[in-house]
Amino acid sequence: MSTTIYHNPRCSKSRQTLELITQRNIEAEVIEYINTPPSREQLVAILNMLGLEPRQLIRTGEAEYTELGLDDETLSHDQLIDAMLATPKLIERPIVINNGKATIGRPPEKVLDIL
């Protein structure tokens, strides 16, 4: 069994989610995605596992969202994915993957559904 968390240690929800995983004695691969963003293929796979469109995984409250003009509804999937890869801070967090299933830890307890 393989568990991965795309983690931002500066985010309280991400820290709480990692703590939930640790409390259950689950050894997870922790990827600090701000420093080590996913590849395009990984991000597309994550979107597919989550059943989300790229826009649904973007943090719209970040200054970069507005600065980069990402509120433009005419942007393509590829353009939105490019923006997330270039500015990983825009990717919603934390994302937990376990046995081919993924969820966003908001609230953190949501990850218990796939563990």
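Throughout this description, residue numbers start from 1 for each chain and increase along the sequence as written. Side-chain atom pairs in this predicted model are given and counted only at pLDDT of 80 or more, local residue features only at pLDDT of at least 70, and totals for whole chains, interfaces and linings cover all residues. Side-chain calculation: all heavy atoms of the structure are included, whereas hydrogens and water are not.

How would you sum up the side chain of histidine 7? Please name residues and give values.
We count a stretch as a helix when DSSP gives it H or I for four or more residues in a row; a strand needs E for two or more, and each element gets its number in order from the N terminus. For histidine 7, the position within the fold is in strand β1 (residues 3–7). Here the term buried applies to any residue with accessible area under 20% of the maximum for its type, exposed to any over 50%, and partly exposed to those in between, with areas from a 1.4 Å probe on protein chains only. Take histidine 7: its relative accessible area is 5%, and that puts it in the buried class. Within the structure, histidine 7 has its side chain in polar contact with the side chain of serine 14 (distance 2.7 Å). Whether two residues touch is decided by their heavy atoms; if any such pair falls within 4.5 Å, the residues are in contact. For histidine 7, the contacting residues outside a window of four places in its chain are Ser14, Arg15, Leu18, Val30, Ile31, Glu32 and Tyr33. Any pair of nitrogen or oxygen atoms within 3.5 Å is treated as a polar contact; in protein, a donor-acceptor pairing is required on top of that, and neighbouring residues in sequence qualify only through side-chain atoms on both sides.

Quick one: what's the story with unusual backbone geometry, residue by residue and with numbers?
Residue arginine 93 is joined to proline 94 through a cis peptide bond whose omega torsion reads -15°. Inspection of the secondary structure puts proline 94 in the loop between α4 (77–86) and β3 (95–98). Proline 107 follows arginine 106 through a cis peptide bond whose omega is -5°. Position of proline 107 among the secondary structure elements: in the segment after β4 (101–104). The phi torsion at asparagine 99 lies on the positive side, around 50°, for a residue other than glycine. In this fold, asparagine 99 is placed in the loop between β3 and β4. The class of asparagine 99 is exposed, set by a relative accessible area of 51%.

Can you lay out the pairing of β3 for me, pointing to particular residues and giving the numbers?
The alternating pattern of β3 places Ile95 and Ile97 on one face and Val96 and Asn98 on the opposite face, and all of these are buried. Of the strand pairs in this sheet, β1 and β3 are connected by four bridges, and their pairing is antiparallel. Looking at β3, one finds that isoleucine 5 is bridged to valine 96. Both β3 and β4 contribute to a ladder of four bridges, which runs antiparallel. Following the sheet pairing, valine 96 is matched in β4 by threonine 103. One requirement defines pairing of two strands: DSSP has to find at least two bridges between them. In this structure, the hairpin formed by β3 and β4 is closed by a connection of two residues, where asparagine 99 is found at a positive phi of approximately 50°.

Break down the layout of surface pockets for me, citing the residues and quoting the values.
Residues are called lining when one of their atoms sits within 4 Å of a cavity or pocket point, these points coming from a 1 Å grid over the protein atoms alone, where a cavity is a set in which a 1.4 Å probe fits but cannot get out and a pocket is an open set with protein on both sides within 12 Å along at least five of seven lines. Grid points are joined across faces, edges and corners, and a volume is the space filled by probe spheres set on the points. What the largest pocket holds in volume is close to 170 Å³. Along its surface, the largest pocket is lined by Asn8, Pro9, Arg10, Glu32, Ile34, Asn35, Glu62, Lys89 and Arg93. As a working rule, the residues Ala, Val, Leu, Ile, Met, Phe, Trp, Tyr, Cys and Pro are called nonpolar, Asp, Glu, Lys and Arg charged, and the rest polar, with Gly in that last group. Its residues placed into classes, the lining of the largest pocket shows two nonpolar, two polar and five charged.

Mind laying out the nonpolar core, listing which residues take part and the relevant values?
We define a nonpolar core as any set of buried Ala, Val, Leu, Ile, Met, Phe, Trp, Tyr and Cys residues linked to one another through side-chain atoms lying within 4.5 Å. In terms of nonpolar packing, the biggest core is built from 23 residues, with Tyr6, Leu43, Leu57, Leu70, Met84 and Ile95 touching the most fellow members. Of all elements in the fold, only α2 (40–50), α4, β3 and β4 reach the threshold of two or more residues within this core. Here this core takes five residues from α4, the largest share from any one element. Not counting chain neighbours up to four residues away, the residues in contact with methionine 84 comprise Leu43, Pro54, Leu57, Ile58 and Ile91. Grouped together as the second largest cluster of nonpolar side chains are seven residues, Ile5, Leu20, Ile21 and Ile26 included.

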